[in-house]
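Take a look at the letters that make up each chain.
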Amino acid sequence: MRIAYLECFSGISGDMFLGALLDAGVPPEIFTTTVEALGVDARLEISRVDRSGISATKLDVIAAGEKELPREEFWEQQGKAGQSHSHSHTHEHSHAHSHDHGHEHSHGSQSHSHQHSQTPAEDHKRAHGESHTHAHPHRGLKEIREIINAAAISQSTKNRAIKIFEALGAAEAKVHNTDIEKIHFHEVGAIDAIVDIVCASVGAEALGVDEWICSPLNVGGGTVNCAHGTFPIPAPATLELLKNAPVYSGEIQKELVTPTGAAIVSVLASGFSQFPSMKTKKIAYGAGTRNFKNFPNVLRLVVGETAALQHESAFPIEEISVLEANVDDMTPQVFAYAMERALQEGALDAFGTAVQMKKNRPGMQLTVLCRPEDSQRLTKTILAETTTLGVRMRSETRAALARRHVNISTKWGEVRMKLANLNGSLSNYAPEYEDCRRIAAEKNIPLKAVMQEAIKVYLERSNG
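Residues numbered from 1 in each chain as written. Predicted model: local features only at pLDDT ≥ 70, side-chain atom pairs only at ≥ 80, totals over all residues. Heavy atoms only, no water.

### Digging into the overall build of the protein
Looking only at helices and strands, one finds 13 helices and 18 strands in the protein. For the protein, with 464 residues in total, the buried portion stands at 50%. Total accessible area on the protein is roughly 21500 Å²; 50% of this is exposed by carbon and sulfur atoms. (Helix = DSSP H or I, 4+ residues; strand = E, 2+ residues; numbered from the N terminus. Buried < 20%, exposed > 50% of the residue type's maximum accessible area, 1.4 Å probe, protein only. Areas by Shrake-Rupley, 256 points an atom, 1.4 Å probe, with all protein chains shown as cover.)

### What about a nonpolar patch on the surface?
Where nonpolar side chains cluster on the molecular surface, the patch consists of Leu-426, Tyr-429 and Leu-459 and spans about 230 Å² of accessible area. Residue Leu-426 is classed as partly exposed on the basis of its relative accessible area, which comes to 42%. (Patch = residues over 30% accessible without salt bridge, like charges linked within 9 Å, V, L, I, M, F, W, Y side chains within 5 Å. Salt bridge = Lys/Arg side-chain N within 4 Å of Asp/Glu carboxyl O.)

### Side note on unusual backbone geometry
That bond from Ile-233 to Pro-234 is cis: its omega, 0 degrees, falls within 30 degrees of zero. Its identity is not glycine, yet Lys-359 carries a phi of approximately 60 degrees, on the positive side. Mapped onto the fold, Lys-359 is located in the loop between strand 13 (349–356) and strand 14 (362–370). Even without being a glycine, Asn-360 presents a positive backbone phi close to 60 degrees. Inspection of the secondary structure puts Asn-360 in the loop between strand 13 and strand 14.

### Quick word on the packing of helix 5 (residues 141–150) against helix 6 (residues 155–176)
Where helix 5 contacts helix 6, the two axes come as close as 10 Å, and the packing angle between them is 160 degrees. In terms of orientation, helix 5 lies roughly antiparallel with respect to helix 6. Regarding helix 5 and helix 6, the two cross each other, and that crossing is right-handed. Two secondary-structure elements touch here, helix 5 through Leu-141, Ile-144, Arg-145, Ile-148 and Asn-149 and helix 6 through Gln-155, Lys-158, Ala-161, Ile-162, Phe-165 and Glu-166. Split into classes, the residues belonging to the contact of helix 5 with helix 6 amount to six nonpolar, two polar and three charged. (Axes fitted to C-alpha atoms, helices over the stretch in contact; angles between N-to-C directions. Parallel < 35°, antiparallel > 145°, perpendicular 65-115°, else oblique. Left-handed = near helix turned anticlockwise from the far one by under 90°. Contact = heavy atoms within 4.5 Å. Nonpolar A, V, L, I, M, F, W, Y, C, P; charged D, E, K, R; others polar.)

### As for the nonpolar core
Ranked by size, the top nonpolar core spans 66 residues in total, and within it Leu-6, Phe-17, Val-195, Leu-207, Trp-212, Leu-217 and Leu-301 carry the most contacts. Non-local contacts of Leu-301, meaning those with residues more than four positions away in its chain, are made with Ala-4, Tyr-5, Leu-6, Ala-20, Leu-21, Ala-24, Leu-207, Trp-212, Lys-282, Ile-283 and Ala-284. Counting 15 residues, the second largest nonpolar core, distinct from the first, contains Val-327, Met-339, Ala-342 and Leu-366. (Core = buried A, V, L, I, M, F, W, Y, C linked by side-chain atoms within 4.5 Å.)

### Concerning the layout of surface pockets
When its volume is computed, the largest pocket comes out at roughly 1500 Å³. What lines the largest pocket is a set of 48 residues, among which Leu-348, Arg-371, Arg-403, His-405 and Lys-418 lie closest to the centre. Where the lining of the largest pocket is concerned, the elements lending two or more residues are strand 4 (211–214), strand 12 (317–327), helix 10 (332–344), strand 16 (402–410), strand 17 (413–422) and helix 12 (433–443). Among the elements that make up the lining of the largest pocket, the one with the highest residue count is strand 16 (six residues). Its residues assigned to classes, the lining of the largest pocket comprises 23 nonpolar, eleven polar and 14 charged. (1 Å grid on protein atoms, 1.4 Å probe; cavity = no way out; pocket = protein on both sides within 12 Å on 5 of 7 lines; lining within 4 Å. Points joined across faces, edges and corners; volume = space filled by probe spheres on them.)

### Observations regarding the sheet that holds strand 15 (residues 392–399)
The four strands are arranged 13-14-12-15 in an open sheet whose pairing can be described as antiparallel. Looking at which strands have only one partner, the edges of the open sheet turn out to be strand 13 and strand 15. Taking each pair of neighbouring strands and ignoring which way they run, the sheet shows an average axis angle of 30 degrees. Where strand 13 lies against strand 14, eight bridges are found, and the strand directions are antiparallel. (Pairing = 2+ DSSP bridges.)

### Here we look at the environment of Val-202
Within the secondary structure, Val-202 is located in helix 7 (residues 191–207). Residue class for Val-202 comes out buried when judged on its relative accessible area of 11%. For the pair Val-202 and Thr-34, spaced 168 residues apart in the sequence, the C-alpha separation amounts to 7.8 Å. Setting aside anything within four residues of it in sequence, one finds Val-202 in contact with Ile-30, Thr-34, Ile-153 and Thr-157.

### Re the confidence of the model for the protein
When pLDDT drops low, the exact placement of atoms in the prediction is not to be read closely. Considering every residue of the protein, the mean pLDDT works out to 81; 79% of them sit at 70 or more. In the model, residues 82–136 has pLDDT below 50 throughout and makes 147 contacts with residues more than four positions away in sequence or in other chains. (pLDDT = per-residue confidence, 0-100.)

### Considering the pattern of salt bridges
Once their charged atoms are close, side chains differing in charge can pair, the charge on each being opposite to the other. Scanning the model with the defined rule gives 22 salt bridges in all. Between Lys-142 and Glu-146 there is a salt bridge, with its nearest N and O atoms 2.8 Å apart. Taken together, the positions of Lys-142 and Glu-146, both in helix 5 and four residues apart, correspond to about one turn of that helix. The partner of Lys-174 in a salt bridge is Glu-240, with the nearest N and O atoms 3.2 Å apart. Remark: Glu-240 occurs in helix 8 (residues 236–241) and Lys-174 occurs in helix 6; sequence separation between them is 66 residues. The class for Lys-174 is exposed, based on a relative accessible area of 52%.

### Some thoughts on the packing of aromatic side chains
Any pair of aromatic rings gets described here by the distance separating the centres and the angle formed by the planes. Scanning all chains against the criterion turns up three aromatic pairs. Ring geometry for Tyr-429 and Tyr-458: centres 5.4 Å apart, planes at 45 degrees, overall tilted. Of this pair, Tyr-429 sits in strand 18 (residues 425–431) while Tyr-458 sits in helix 13 (residues 447–463), placing them 29 residues apart in sequence. Judged by its relative accessible area of 8%, Tyr-458 is buried. (Phe/Tyr/Trp six-rings, centres within 6.5 Å; stacked < 30°, edge-to-face > 60°.)

Shown next as structure tokens:
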């Protein structure tokens, strides 16, 4: 199974994701062709940059001849310019699309005159001395769907791109307490947002992976200036998009996860986890514009293969050690404790089997499964915690499904769901017993109710 892992230790934005895709081997021509197919006034700039010692690919979307400012810088500039600005080029990307890893803006005071045209109506306004207040037109979800559906790209990439926009729209609608179809994407529907999202969909498909997995996301911290005022980071729409994802705030007090980045993750990622078990094939870096001191402002994309593709067998095969000991002079309480200690010490599994010992005495056989490198340590644990005088050791092979965990938020608390895959397809899923037991004890509710609720929430999320 070929997987892609997004390491968001410095957050994620649309341009960082596109840069990482390029760095991973997606041909630039795929993106330029996609931009041409969209028929919007945009072009791409691709460069190689250094971010705190890490070489990364930087992609900028030049919409209507301009790069976009980080939103706190943009609104600060707008405040200084005030109403006397002769050309208020208001991108209005304050919630759902901001690239707040930042695009460097070389326009200085912005006193220069822009000659590009957006629509005949705007040409008419300029000719009659009217203020050109919106270089990027406001668009509703209907107009955005029409632009995407008209593009000469595959239907699957169209569907994915529209789903990302709908995720953005749903988040904005909830924040503003309105219907998604009534949302005007003054903060989402600009040209560069359309390019980012559609290219993200096309590039994700071109990478050719079976599953996307995302790390916990560093959202940054502090506050950010938006069209509607000053908001805490993560901004409301961003947090809404990430409500089922593990997030944290690190040392950088800037907006690190943009709404566009959050929407891409919410649609692409099948789950969130620490670094998954895989054989690494490609390592790629997509750069944000800011160059933080001693902190690499990059998105790392790792492409690899899980065990299912590393062996010729239809099943992933691994070597394990089997440790066994027979006892007939130990109380059940001590036997149970010995099993618990083995599991705490890193055993893959531990179990007891009733056996008939010599002199017709009933006894128990303790069996511990472990990795070969852990066998000596666990042998010492068995000898210390039981009354046995010896431990049998042997090596075996086992077929083991690739597995990982995702976090599920139930109405009573968070539960880890263990997922197992066979040849790239989900084979088994089950809530972690210890998480469910803890919640059942804390909330004084039946254990089976907690487990059923976790499965229900997982299935709803997977089908949604």
